[in-house]
Amino acid sequence: MYPRTDPATRRPERLPRGAFLMGPGSMTDNTTATTAALGALQDPLDALGVHWRMYAPADLELGFGKARVLLGDCVERMRELPDGSADVVLVDPPYSSGATREAGKTGYSKTMTRSTDGDRARWFGSDSLSTDGFAFLLRACALEWFRILKPGGHALIFIDWRMLPAAMAAVESADLRKSGVLIWNKTYFGMGKYYRNQYECIMHFTKGVGCDPQRRDIGNVLSHKPLRTRNGAIHPTEKPVPLLRDLLSVVCPPGGLVVDCFAGSGSTGEAVLRSVPGARVVLIERDQQYHVKASLRLAGVMRDLYGDRRTQEVDGPANDDGGPGADGPGAGAVGVADDLDEVA
Ligand SMILES: C[S@@+](CC[C@H](N)C(=O)[O-])C[C@H]1O[C@@H](n2cnc3c(N)ncnc32)[C@H](O)[C@@H]1O
């Protein structure tokens, strides 16, 4: 298993920057994926000067374990995460809502969410599932969320009105406990025949009785403007960081571990790193293009928060000044390595 932990110090084994190890899975696929990701990431990561390591299949560790960006199918990859390790699951699955009727979902439809890379014939993974297929995917995920969450941990799942009933049932069927549905008020309306669309939903579940909130001064309608690709969004359905920050502020304890298994642009990662002291994040993304984009985004955030730490020791100094350095790269390393020893 890797990353390996030094048994004497209980700290992650130090590897040369950019080194990667072959995993126990398919050598061919891993080699291809890792080589491609390494090719796209090595120079920009080196230029940013943040600490990074990569493991097959294209799994990136940033900032001495504060963030991990894993490539692959979320259900498969979540199976590698340890039981009871996460405080919060915050996800935005592909809604598969692109057509009003089931038949319309199977083909390429003008309502499907398009890739932002200019390739109009491509939409992102799983966004054209039937309702049954979507429910199946969500139940498979929810079984893993239940397993990886700590008792009392929280799951927040974006969804739209159309898929809400199927999605609630799928998640509930994995024994997660309904806590409510939040509304993301986008502050202005978009398309819609009668009452035009202005909101999305966020399902809130807990594993058993939820842990106490971090704050109680926030309502269940959150108003934040959406991002637009023309205004620099990386992903066609990218969620605004301030919205994610509000969500996390209620349920994520300092030093918590957050998992987003439908990472897209890495917005959840940015919200975690910027807003929750000492928190760590694991992102999973199946699309190599977004895996690279999310990785670079988080590396940029690391650079912003911690500066050039490429030469810092694994157990480097952490400040006590309450700023980002207080939970700096060295501070989270042991916990993450322990939590994620089994992440291949
Ligand atoms: C709705 S988008 C998430 C956007 C993200 N919240 C953001 O702010 O950028 C869903 C993402 O999940 C990815 N995805 C779809 N199916 C997946 C799967 N089975 N495993 C991992 N990722 C998947 C898609 O490639 C897409 O990038």
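Before going into details, it helps to say that this report is about the structure given with it. Predicted model only: the values in this text are computed from it and were never measured. (Residues numbered from 1 in each chain as written. Predicted model: local features only at pLDDT ≥ 70, side-chain atom pairs only at ≥ 80, totals over all residues.)

## Here we look at helix α4 (residues 131-148)
Worth spelling out the cut-off: Segments assigned H or I by DSSP are reported as helices when at least four residues long, segments assigned E as strands when at least two residues long, and all are numbered from the N terminus. Expected helix span is taken as 1.5 Å per residue step, with the number of steps being one fewer than the number of residues. Field definition: a residue is buried when 20 or more other C-beta atoms are found within 10 Å of its C-beta, exposed when 12 or fewer are, and partly exposed for counts in between, with C-beta atoms placed from the backbone. Throughout, a pair of residues is in contact if the C-beta atoms placed from their backbones lie within 7 Å.
Counted at 1.5 Å a residue, the expected span for α4 with its 18 residues is 26 Å, and the 25 Å between its end C-alpha atoms agrees. Turning to α4, its buried residues are Phe134, Ala135, Leu137, Leu138, Cys141, Ala142, Glu144, Trp145, Phe146 and Ile148. In this structure, the buried side of α4 is in contact with α2 (74-78), β6 (86-91), β7 (149-159), α5 (164-172) and β11 (257-260).

## Describing helix α7 (residues 267-275)
Burial within α7 is extensive, with 7 of its 9 residues counted as buried. For α7, the full list of buried residues reads Ser267, Thr268, Gly269, Glu270, Ala271, Val272 and Leu273. For α7, the elements touching its buried residues are β5 (67-71), β6, α6 (241-251), β11, β12 (280-285) and α8 (288-306).

## Focus on the pairing of strand β9 (residues 199-206)
Just so we agree on the cut-off: Strand pairing is defined by DSSP finding a minimum of two bridges between the two strands.
With 6 of 8 residues buried, β9 lies mostly within the body of the structure. Two strands pair when backbone bridges link them, and β7 and β9 are joined in this way by 6 bridges, in the antiparallel orientation. By the bridge assignment, Ile157 is partnered in β9 with Met203. When strand β8 (residues 177-185) meets β9, the two strands line up antiparallel, connected through 8 bridges. Residue pairing for β9: Arg177 is matched across the bridge by Thr206.

## Quick notes on the sheet that holds β11
This is how it is decided: Axis geometry follows a simple rule: fit a line to the C-alpha atoms, using only the stretch in contact for helices, then measure angles between N-to-C directions, giving values from 0 to 180 degrees.
The 10 strands are arranged β3-β4-β5-β12-β11-β6-β7-β9-β8-β10 in an open sheet whose pairing can be described as mixed. With one partner strand each, in any of the chains shown, β3 (52-55) and β10 (221-223) form the two edges of the open sheet. Strand-to-strand, the axes of this sheet are offset by a mean angle of 20°, without reference to chain direction. Packed onto the sheet, α5 meets β7, β8 and β9 and runs at close to 15° relative to β9.

## As for the site of the ligand
What counts is decided by this rule: Near, for a residue, is defined by distance from a backbone-placed C-beta atom to a molecule or strand, with 6 Å as the limit that must not be exceeded. Throughout, the ten residues Ala, Val, Leu, Ile, Met, Phe, Trp, Tyr, Cys and Pro are labelled nonpolar, Asp, Glu, Lys and Arg are labelled charged, and all others, Gly among them, are labelled polar.
Taken together, 20 residues sit near the ligand, with Asp92, Phe262, Gly264, Ser265 and Arg286 positioned nearest. Split by residue class, the shell around the ligand holds 6 nonpolar, 7 polar and 7 charged.

## Some thoughts on unusual backbone geometry
Cis peptide bonds are those with omega within 30 degrees of zero, and the linkage from Ala56 to Pro57 qualifies with -10°. Within the chain, Thr187 stands out as a residue other than glycine whose phi angle is a positive 75°. Turning to its location among the elements, Thr187 is positioned in the loop between β8 and β9. Classification of Thr187 as exposed rests on a count of 11 C-beta atoms within 10 Å.

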